[in-house]
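# Reading the structure
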2 protein chains.
Amino acid sequence: MQYPKPVANLIDSYMKLPGIGEKTAVRLAFFTIDMDDEDVQEFASSLKAVKTQLQYCSICGNITDTNPCEICSNPHRNSEQILVVEQPKDIMAMENMHGYQGLYQVLGGVLSPVNGVGPDDLNIKHLLHRLKDNSQVKEVIVATNATPEGEATAMYLAKLIKPAQIKVTRLAHGLAVGADIEYADQMTLQRAVEGRQQI
Amino acid sequence: MQYPKPVANLIDSYMKLPGIGEKTAVRLAFFTIDMDDEDVQEFASSLKAVKTQLQYCSICGNITDTNPCEICSNPHRNSEQILVVEQPKDIMAMENMHGYQGLYQVLGGVLSPVNGVGPDDLNIKHLLHRLKDNSQVKEVIVATNATPEGEATAMYLAKLIKPAQIKVTRLAHGLAVGADIEYADQMTLQRAVEGRQQI
């Protein structure tokens with residue numbers, strides 16, 4: 001016996017989400033059947049809303065429902081700093097830290113010749129235009145991930161931006177707070193030693 | 001900074017699903033933003049469909065999009081057996097086994113005085129009517145779960161049905177296929193010994 005068609009369709013949809021296999025999808029589908037009508041309607045509308053009401057900020061490339069985004073249009077942010085991230089969700093992580101008051105630039109990925117991603121596929125030109133048009137910027141903080149591609153992208157950006165007399169920095173890499181030295185991987189440990197600071 | 005409203009709403013919706021905490025919900029929401037438009041539309045429609053197109057079978061209480069359900073309306077099923085389950089999803093599990101050809105009855109739960117669930121809250125009267133109206137039934141297989149409530153419900157049903165000269169059986173409990181005796185819990189092991197069979 002097959003599941004009734006509406007149930008089978010919902011299971012299929014749940015299975016398209018990352019980390020959700022068939023068993024979990026079945027469990028979620030049956031849970032959905034028992035959910036409040038209202039909650040399911042809200043769920044369906046919010047799914048549609050993220051595809052229709054969201055756009056990319058024309059300045060920084062963040063995901064937003066207003067253009068420019070909340071951050072770019074906030075006059076209290078420090079316009080002397082631009083922090084460069086790979087993805088919009090990296091901005092959310094930085095903002096949740098509540099320690100950075102500057103602006104952002106989303107690259108939309110990292111340079112990756114293997115995957116055919118070159119400088120023109122990222123928002124690099126846009127970033128350079130922003131730096132040229134806005135003489136206020138004094139520091140570009142490159143916050144790409146610590147992958148080989150992320151590192152290469154950081155180096156590439158540094159080379160492009162430094163001639164404009166703008167300071168280019170990179171987020172510190174080292175031991176995570178609370179992490180045991182015993183369990184740290186070699187690369188992390190090496191970075192922690194290289195980046196050691198006087199106390 | 002808060003997530004843009006459409007994203008925050010979707011995160012809230014995902015968090016209403018079982019086993020999905022905030023971090024996973026955020027990950028799923030950002031994944032959804034990058035999904036194909038079509039897939040998201042389908043997801044939204046299938047969510048609505050399970051609330052609008054599904055109903056309970058008027059005979060067995062299974063979840064179905066046709067009434068009576070596919071099983072109750074199938075003339076090839078053996079109408080001499082009725083297998084009693086707690087929930088519609090138990091029927092799906094039995095059907096996936098491909099070894100049972102009889103009919104079903106969904107109770108809609110188990111007797112649980114602590115939670116205020118009495119015989120009138122379950123489809124027990126409906127089951128008794130089915131047995132009375134249909135003299136073909138020769139066996140009722142009680143497949144409630146092996147919890148204290150499931151056991152009590154099985155005993156209760158047996159007491160009600162036996163006077164009608166209908167055989168009442170219970171699914172065998174014992175070691176799962178492939179399970180190690182070493183790791184089996186005491187109750188399971190006890191059931192396995194009690195239910196031992198000659199070879």
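Residues numbered from 1 in each chain as written. Chains lettered and ligands numbered in written order. Predicted model: local features only at pLDDT ≥ 70, side-chain atom pairs only at ≥ 80, totals over all residues. Heavy atoms only, no water.

## So, the sheet that holds strand β4 (residues 102–106) of chain B
Within a sheet, each strand pairs with its neighbour through backbone hydrogen bonds, oriented either parallel or antiparallel. Residue and element names in this part refer to chain B. Pairing in this open sheet of four strands is parallel, and the strands run β4-β3-β5-β6 from one edge to the other. Looking at which strands have only one partner, the edges of the open sheet turn out to be β4 and β6 (167–170). Ignoring which end each strand starts from, the neighbouring axes of this sheet average 25° apart. Sheet topology places strand β5 (residues 139–142) next to β6; four bridges connect them, and they run parallel. Bridge pairing in β6 places Val140 opposite Val168. Contacts from helix α5 (residues 124–133) reach β3 (78–85), β4 and β5, with the element oriented near 150° to β4. Sheet contacts for helix α6 (residues 148–161): β3, β5 and β6; angle to β6, the most-contacted strand, approximately 170°. (Pairing = 2+ DSSP bridges. Helix = DSSP H or I, 4+ residues; strand = E, 2+ residues; numbered from the N terminus. Axes fitted to C-alpha atoms, helices over the stretch in contact; angles between N-to-C directions. Contact = heavy atoms within 4.5 Å.)

## Digging into the sheet that holds strand β6 (residues 167–170) of chain A
Residue and element names in this part refer to chain A. Strand order in the open sheet formed by four strands is β4-β3-β5-β6, with parallel pairing between adjacent strands. Since the sheet does not close on itself, it has two edges, and those belong to β4 (102–106) and β6, each with one partner. Each strand of the sheet is rotated relative to its neighbour by a mean of 25°, with strand direction disregarded. In the packing of helix α6 (residues 148–161) onto the sheet, contacts are made with β3 (78–85), β5 (139–142) and β6, and the angle to β6 comes to roughly 170°.

## Topic: the relation of the copies chain A and chain B
Mapping one chain copy onto the other needs a rotation about an axis and a shift along that axis. Of the two same-sequence chains, chain A is brought onto chain B (RMSD 0.1 Å, axial shift 0.0 Å) by a rotation of 179°. In short, the pair behaves as if placed about a two-fold rotation axis. Among all residues of chain A, the minimum C-alpha distance to the rotation axis is found for Ala44 of chain A, at 2.1 Å. (Least-squares fit on C-alpha atoms with pLDDT ≥ 70 in both.)

## Focus on the interface of chain A and chain B
At the junction of the two partners, chain A supplies 49 residues and chain B supplies 50 residues. Summing both sides of the interface, chain A and chain B together bury roughly 4900 Å²; the carbon and sulfur share of this comes to 71%. Among the salt bridges present, the one from Lys16 of chain A reaches Glu42 of chain B, with a minimum N-O distance of 3.7 Å. Counting only elements with at least two residues in the side of chain A that touches chain B, the list comes to α1 (5–15), α2 (22–34), α3 (37–52), β2 (63–64) and α4 (88–97) of chain A. With 13 residues, α3 of chain A is the largest single contributor of residues to the side of chain A that touches chain B. Residue classes in the side of chain A that touches chain B are distributed as 25 nonpolar, 10 polar and 14 charged. (Buried area = accessible area lost by both parts, 1.4 Å probe. Salt bridge = Lys/Arg side-chain N within 4 Å of Asp/Glu carboxyl O. Nonpolar A, V, L, I, M, F, W, Y, C, P; charged D, E, K, R; others polar.)

## Comments concerning α1 of chain A
Turning to α1 of chain A, its buried residues are Pro6, Val7, Leu10, Ile11, Ser13 and Tyr14 of chain A. Down the axis of α1 of chain A, the sector holding all buried residues measures 160°, keeping them to one side. Residues of α1 of chain A that are buried in the fold lie against α2 and α3 of chain A together with α3 (37–52) and β2 (63–64) of chain B. (Buried < 20%, exposed > 50% of the residue type's maximum accessible area, 1.4 Å probe, protein only. Arc of directions from axis to C-beta.)

## Details of the domain arrangement of chain A
Under the domain assignment used here, chain A contains domain 1 (5–52) and domain 2 (71–198). Here domain 1 of chain A and domain 2 of chain A have C-alpha centroids that lie 36 Å from each other. (Domains from an automatic or database assignment.)

## Quick look at the state of the cysteines
Disulfide: a covalent bond formed between the sulfur atoms of two cysteine residues. Residue and element names in this part refer to chain B. In the structure shown here, the tally under the stated rule is zero disulfides over all chains. Between Cys57, a free cysteine, and Cys72, which holds the nearest cysteine sulfur, the sulfur-to-sulfur gap is 3.8 Å. With no disulfide of its own, Cys60 has Cys72 as its nearest cysteine by sulfur position, at a separation of 3.6 Å. When its relative accessible area of 1% is taken as the criterion, Cys60 is described as buried. (Disulfide = S-S within 2.5 Å.)

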